[in-house]
Amino acid sequence: MSLSEEMYLRYHGLIVPKETHSYESLEFAQGFKFEDDDVLAVTYPKSGTIWMQEILPLVLNGGDLTPIHTIPNWERVPWLEEKQLARVVAKLASPRALVSHLPYNFMPPSFCTSKAKVIYLMRNPKDIMVSSYYFHQMASFLEDPGTFDEFMDTFLEGKVLFGKWTDHVKSWRNSELGDRIMYITYEEMVQDLPAALRRISDFLGCNLTEEVIQKIAEHCSFKTMKNNNMSNFSLIPKVYLDHDKSPFLRKGIAGDWKNHFSSEQLARFTSVISKELEGESFSLPWSL
Ligand code: A3P
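Attention in this report is confined to the structure presented alongside it.

Reading guide: rules and limits
Residues numbered from 1 in each chain as written. Predicted model: local features only at pLDDT ≥ 70, side-chain atom pairs only at ≥ 80, totals over all residues. Heavy atoms only, no water. Helix = DSSP H or I, 4+ residues; strand = E, 2+ residues; numbered from the N terminus. Rg over C-alpha atoms; globule rule 2.2 N^0.38 Å. Buried < 20%, exposed > 50% of the residue type's maximum accessible area, 1.4 Å probe, protein only. Contact = heavy atoms within 4.5 Å. Axes fitted to C-alpha atoms, helices over the stretch in contact; angles between N-to-C directions. Parallel < 35°, antiparallel > 145°, perpendicular 65-115°, else oblique. Left-handed = near helix turned anticlockwise from the far one by under 90°. Near = heavy atom within 4 Å. Polar contact = N/O pair within 3.5 Å; in protein donor to acceptor, adjacent residues only side chain to side chain. Areas by Shrake-Rupley, 256 points an atom, 1.4 Å probe, with all protein chains shown as cover. Nonpolar A, V, L, I, M, F, W, Y, C, P; charged D, E, K, R; others polar. Pairing = 2+ DSSP bridges. Salt bridge = Lys/Arg side-chain N within 4 Å of Asp/Glu carboxyl O.

Helices and strands together make up the secondary structure of the protein chain, namely 14 helices and six strands. A compact globule built from 288 residues should have a C-alpha radius of gyration of about 19 Å, and the protein chain, at 18 Å, falls within 12% of that. Taking the principal axes of the C-alpha coordinates as reference, the protein chain spans close to 50 × 45 × 40 Å. Buried positions account for 57% of the 288 residues belonging to the protein chain. In the protein chain, once contacts between residues fewer than 6 apart in sequence are set aside, the share between residues at least 24 apart is 71%.

Turning our eyes to something else, we now look at the packing of helix H11 (residues 193-203) against helix H12 (residues 210-219). For the pair H11 and H12, interaxial distance at closest approach is 9 Å and the crossing angle is 120°. Between H11 and H12, the angle falls in the class oblique. In this structure, the crossing between H11 and H12 has a hand that is right-handed. Contact residues: Leu193, Pro194, Leu197, Arg198 and Ser201 in H11; Glu210, Ile213, Gln214, Ile216 and Ala217 in H12.

A few words on the site of the ligand. The ligand sits among 18 residues. The nearest are Thr49, Ser131, Tyr186, Lys251 and Gly252. Contact distances for the ligand include 2.5 Å between an oxygen atom and a side-chain N or O atom of Thr49. When the free accessible area of the ligand is taken as 570 Å², the share hidden by the protein chains comes to 97%. Among the elements of the structure, helix H2 (49-60) and helix H13 (222-226) are those that each provide at least two residues to the shell around the ligand. In terms of residue count, the dominant contributor to the shell around the ligand is H2 (three residues). In terms of residue class, the shell around the ligand is made up of eight nonpolar, six polar and four charged.

Attention now goes to the pairing of strand E3 (residues 39-43). Sheet faces and side chains relate simply in a regular strand, where the side chains alternate between the two faces. With five of its five residues buried, E3 lies for the most part within the structure. Alternating residues of E3 divide into Val39, Ala41 and Thr43 and Leu40 and Val42, and every residue in both groups is buried. Pairing geometry for E3 and strand E4 (residues 97-100), over four bridges, is parallel. For Val42, the partnering residue across the bridge sits in E4 and is Ser100. Where E3 and strand E5 (residues 117-122) come together, five bridges link them in parallel fashion. Bridge pairing in E5 links Leu40 to Val118.

Moving on: the pattern of salt bridges. A full pass over the atoms with the stated rule returns 13 salt bridges. Arg250 is the partner of Asp256 in a salt bridge, and the nearest nitrogen-oxygen pair spans 3.1 Å. We classify Asp256 as buried; its relative accessible area is 1%. Across the pair Glu264 and Arg268 runs a salt bridge, and its minimum N-O distance is 3.1 Å. One end of the pair, Glu264, and the other, Arg268, are both in helix H14 (residues 263-277), four residues apart, so they sit about a helical turn from each other. By relative accessible area, which is 45% here, Glu264 ends up partly exposed. A single network of salt bridges, built from pairs that share partners, joins Asp149, Asp153, Glu264 and Arg268.

Spelled out as structure tokens, the structure:
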């Protein structure tokens, strides 16, 4: 499948949708000045980005619900590389929280020289591919995914937003940011959200009580987020995101790939991903 030039922009080889990104927004990201107390959550698309947009303001503000009830997620914890950042950046309260899908090699120089902390959220790529397949059906600014089998090839070839999953993971796992970076998985969050929140809170030096941790976990549950209009993208016109085709907050589980992959597809997927990660010094938190 060839990439639609009408829908996608290539920025130094990086594939992004034109609807949400522009050359100017990507240049703005390159010139962005990180502050030492900024917090950035980085994800490959469909790894749980909007979950972090819910969690970070709550953790950073002692569980105050005002931001998640009054500000849409894309303004409350904006994407570093998307169009709206230039418009909302002045409104961000300190410590600022941002998200990004950029691979490490696309991070602006000020990020590297700052002490800003980063949380890299990983998800099993098989579930990412499934989530992405449905996202391509509901988002009018993304190419029609074709059949599941066809989309698997598109995904494995990296002809999708932000390129190959393996390149993204390699870039961040090898970033050598020391104690500035924390790695966490979607699966860990699904399995025990309060424990994940404790880790995040400790990493950010937030010192939250158990009562606050439990309150945050409740407000960041899949069910609560699905009903929060500031977080479920229901404010975006249907012409862009059609929740009748597939809701953005779709299933929120680990292992949905088992309902989609045939044994042949599993072998193909595993073989490509394993080969691309051969020789890497890090190991994956799940078996492929
Ligand atoms: P599914 O399509 O598998 O349901 P992103 O925000 O990076 O686009 O990721 C979207 C995925 O994260 C979707 O996965 C969505 O349901 C899931 N997600 C978002 N919030 C969640 C939550 N509170 N609990 C579990 N999964 C969540």
